[in-house]
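# Residue-level structure breakdown
The primary structure of each chain is shown beneath.
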Amino acid sequence: MDAPTTTSADNGTSGGGGDWFTPRKIPTPVPDTDAGAPDSTAEGRRPATIRPVGRPGPAPEAPAHTTPGSTGSATGSPGPGGPDQGREHPDAVSTPVPLAAQHAPAPSAASGPATVPPSGPAPTALTPTPFVSTVAPPRTPPVQRVPAQEHAPVSPSTQGTTAPAEEGSPDALLIRRTMAEVAPVADKVTSYFYALLFVRHPDLRSLFPAAMDTQRDRLLRALLTAAEHIDNKDVLVDYLQKLGRGHRKYGTRPEHYPAVGECLIGALSKYAAGVWNAEMEAAWIRAYTTISQVMIDAAAADELRAPAWWYAEIVTHDLRTPDVAVVTVRPDQPYPFLAGQYTSVETPWWPRIWRHYSFASAPRSDGLLSFHVKAVPAGWVSNALVHRARPGDIIRLGPPAGSMTVDHTTDNGLLCLGGGTGIAPIKALVEDVAEHGDRRSVEVFYGARTDHDLYDIDTMLRLQQTHPWLSVRAIIDQQAHLQLPDAIRTYGPWDEFDAYLSGPPGMIRSGVDALRDIGIPSDRIRHDSVEELVAAGS
């Protein structure tokens, strides 16, 4: 296992040979002495100047075999056999796709279209520019963890001609104008971006998943989301810091960011040609420089206190139903987390493909971690963990993430809704309240389609018998003809409760609506992402 201060993922990372999981013995740490390792100084962490992409003539369209995630179509649409989504949390914000190679050599001129030396206009200051206003939410679905209860954004392009002028800094207005121009051809922008990246920097291709049909949009969308929030300091910095920390497990290093920025600007300039000019290009260079520097600094700070990943050995594998397993692992070193959080998991059978799973217990004295995994159709990671994994197998864990944690500074009760394997983090929250000695009222609604799906009801009922402040109710759709979110309306009142939701996206969306309808304010409703299960990350 690499030491926490290792800056590259040479020792055992997925993509560095593919056999990190073969030996049962954890690899011996090897100091990273790459010539390409980033300088330890702040200046050494700065990204190189982004090279404006030369456009002497029409750029070649991406050939079908180089367009990730496509089967020859112009848009590179995902195929039906992509990675599963199910309870596998989005790897977003929390699970972006890998950017970098472990030992990324300097790009060769013979590997793709000729590139100009980094002699173009240098980026401006590497710190965020003054945030003078709030940028409207992105028009394209973000990969950040956006609460479901937020109102749907109104695209400025849909407003009438008499609408008031947009507010924002000059760079923000130029970025929005670019986004409006490329929105109708987003798939083509994505495909061309990856084609440029892999043709100009072929050494990066082998470190992305072999099949990118569910991950191909994440990197570009993350960058565009960040760019659209360039005026919103609080949103931008928090989002980018999480993104930068999450990218460490892929081996991302500061010298990899210029390649991504170069290809981002190349793709945007091609598909926004009708409005693109030098001023717009300079705005994007400034925005991307800010984005990349925040991510680089966050990763460097995180490197001083935590490893990029943890190895973990499966110690028990309990098949509760034909498609649900409780997997317990022992990490190779202490793994700090909070009840209600989740992590990203990579298996040896699908290198470079990470999926998110919630911790099924509060932190334990023995250091073991448990996950509830449901095998979903076409789910590569979930099916491997349920049907293939056995005790002794080694998996990798990313850092903990998520904010669905208990606020121990308040006496409010907890109203917990868990659907399917979403009961896992709910169980962890109950254990957390018990360990803190609180006697706060905790009301758990455990939802399932059939009684067969209540695979952990016995555990929850035992907890109820032990703790008089805990109440557990099973809501079975087929018996009560009532879905979980609607059931809470018949109980209550919930005025003095904080709400926690975990489960399928549809349940969370309807649950948030139901909770708001009965008077629980949005700032007291906590849940993880319910977007299209892509990620903030991860």
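Here the structure is a predicted model, which means the values were calculated and not measured. Per chain, the residues get numbers from 1 upward, laid out in the order the sequence is written. With the structure being a predicted model, the display of local features is reserved for residues of pLDDT at least 70 and the display and counting of side-chain atom pairs for 80 or more, all residues being used for whole-chain, interface and lining totals. Hydrogen atoms and water are omitted, and side-chain values are computed over all heavy atoms in the structure.

A word on the packing of aromatic side chains. Think of it this way: a Phe, Tyr or Trp ring, Trp meaning its six-membered ring, pairs with another when their centres are within 6.5 Å, and the plane angle makes it stacked under 30 degrees, edge-to-face over 60, tilted otherwise. Applying the stated rule across the entire model yields 13 aromatic pairs. An angle of 80 degrees between the planes, with centres 6.0 Å apart, marks the rings of F445 and W494 as edge-to-face. In this pair, F445 is assigned in strand β8 (residues 442-448) and W494 in the loop between α11 (484-487) and β10 (497-502), connecting sequence segments 49 residues apart. Accessibility assignment for this pair places F445 and W494 in one class, buried. Feature note: the residues W310, Y335, F337, F359 and F371 constitute an aromatic cluster, connected by ring pairs. Cation over ring: K270 sits above Y192, and NZ or CZ is 5.3 Å from the ring centre. Consider the ring centre and the ring normal. A charge sits over the ring if Lys NZ or Arg CZ is within 6 Å of that centre and within 35 degrees of that normal. A cation over an aromatic ring shows up here: K270 above the ring of Y271, its NZ or CZ 5.5 Å from the ring centre. Numbering of helices and strands runs from the N terminus; a helix is a DSSP stretch of H or I covering at least four residues, while a strand is a stretch of E covering at least two. Only protein chains enter the accessibility calculation, which uses a 1.4 Å probe. A residue is then buried if its area is under 20% of the maximum for its type, exposed if over 50%, and partly exposed in between.

We now examine the pairing of β8. With 7 of 7 residues buried, β8 is to be regarded as a mostly interior element. Burial along β8 is two-sided: V442, V444, Y446 and A448 and E443, F445 and G447, pointing in opposite directions, are all buried. A pair of strands is treated as paired once DSSP finds two or more bridges between them. Note that strand β7 (residues 413-419) and β8 share 6 bridges and pair parallel. Bridged to G418 within β8 is Y446. In this fold, β7 hands off to helix α8 (residues 423-435), which returns the chain to β8; that crossover is right-handed. The pairing of β8 with strand β9 (residues 470-476) spans 7 bridges and is classified as parallel. What sits directly across from V442, in β9, is L470. By convention, orient the strands away from the viewer: a clockwise path from the first strand over the helix to the second makes the crossover right-handed. Crossover connection from β8 via helix α9 (residues 457-466) to parallel β9: handedness right-handed.

Salt bridges are counted wherever a side-chain nitrogen of Lys or Arg sits within 4 Å of a carboxyl oxygen of Asp or Glu. Taken as a whole and judged by the stated rule, the model has 15 salt bridges. Among the ionic pairs, R396 bridges to E346, the shortest N-O distance being 2.7 Å. Here the residue R396 occupies a position in strand β6 (residues 394-397), and E346 occupies one in strand β3 (residues 342-346), the gap between them amounting to 50 residues. Residue R396 shares its accessibility class with E346, and that shared class is buried.

Along the polypeptide, H256 turns up in the loop between α4 (233-246) and α5 (257-271). Linking H256 and L204, residues 52 residues apart in sequence, is a C-alpha distance of 9.1 Å.

As a further point, take the sheet that holds strand β4 (residues 354-358). A sheet is described by the order of its strands in space; here 6 strands give the open sequence β4-β3-β6-β1-β2-β5, paired in antiparallel fashion. If you trace the sheet from one side to the other, it starts and ends with β4 and β5 (369-374), each paired once. Here the average twist between neighbouring strands, direction ignored, is 40 degrees. Note: β3 against β6, 2 bridges, orientation antiparallel. Residue pairing across strands places V345 opposite L397, the latter belonging to β6. Here the axes come from fitting lines to C-alpha atoms, over the contacting stretch only for helices, and the angles between their N-to-C directions go from 0 to 180 degrees.

The next subject is helix α12 (residues 505-517). Here α12 contains 13 residues, and its C-alpha end-to-end distance of 18 Å stays within 8% of the 18 Å for a straight helix at 1.5 Å per residue. In this structure, the buried residues of α12 make contact with β7, α11, β10 and β11 (525-527). G519 lies just past α12 and shows a positive phi near 105 degrees. Here, expected helix span is obtained from the residue count minus one, scaled by 1.5 Å. Any two residues whose heavy atoms approach within 4.5 Å at even a single point are treated as in contact.

The subject of this paragraph is the sheet that holds β9. Pairing is parallel in the open sheet, where 5 strands are placed in the order β9-β8-β7-β10-β11. Two strands bound the open sheet, and with one partner strand each, they are β9 and β11. On average, each strand axis in the sheet is inclined to that of its neighbour by 15 degrees, with strand direction left out of account. Sitting on the sheet, α9 is in contact with β8 and β9, with an inclination near 155 degrees to β9. Sheet contacts for α12: β7, β10 and β11; angle to β10, the most-contacted strand, approximately 165 degrees.

Glancing now at the confidence of the model for the protein chain. In this model, the protein chain carries an average pLDDT of 73, and 65% of its residues clear a pLDDT of 70 or more. A score from 0 to 100, pLDDT tells how confident the predictor is in each residue. Under a pLDDT of 50 for its full length, residues 1-49 has, in the predicted model, 117 contacts with residues more than four places off or in other chains. Within the model, pLDDT remains below 50 along residues 51-163, and this stretch shows 312 contacts once partners closer than five positions in the same chain are excluded.

What follows covers the nonpolar core. What makes a nonpolar core is a set of buried Ala, Val, Leu, Ile, Met, Phe, Trp, Tyr and Cys residues whose side-chain atoms join them at distances within 4.5 Å. The biggest cluster of nonpolar side chains holds 48 residues, and the ones touching the most others in it are F193, L197, L240, L264, L268 and W284. At the level of elements, α1 (170-182), α2 (186-200), α3 (218-228), α4, α5 and α6 (278-303) are the ones that each hand at least two residues to this core. A total of 10 residues in this core trace back to one element, the largest contributor, which is α6. Residues within four places of L264 in sequence aside, it is in contact with F193, L220, L223, L224, W284 and Y288.

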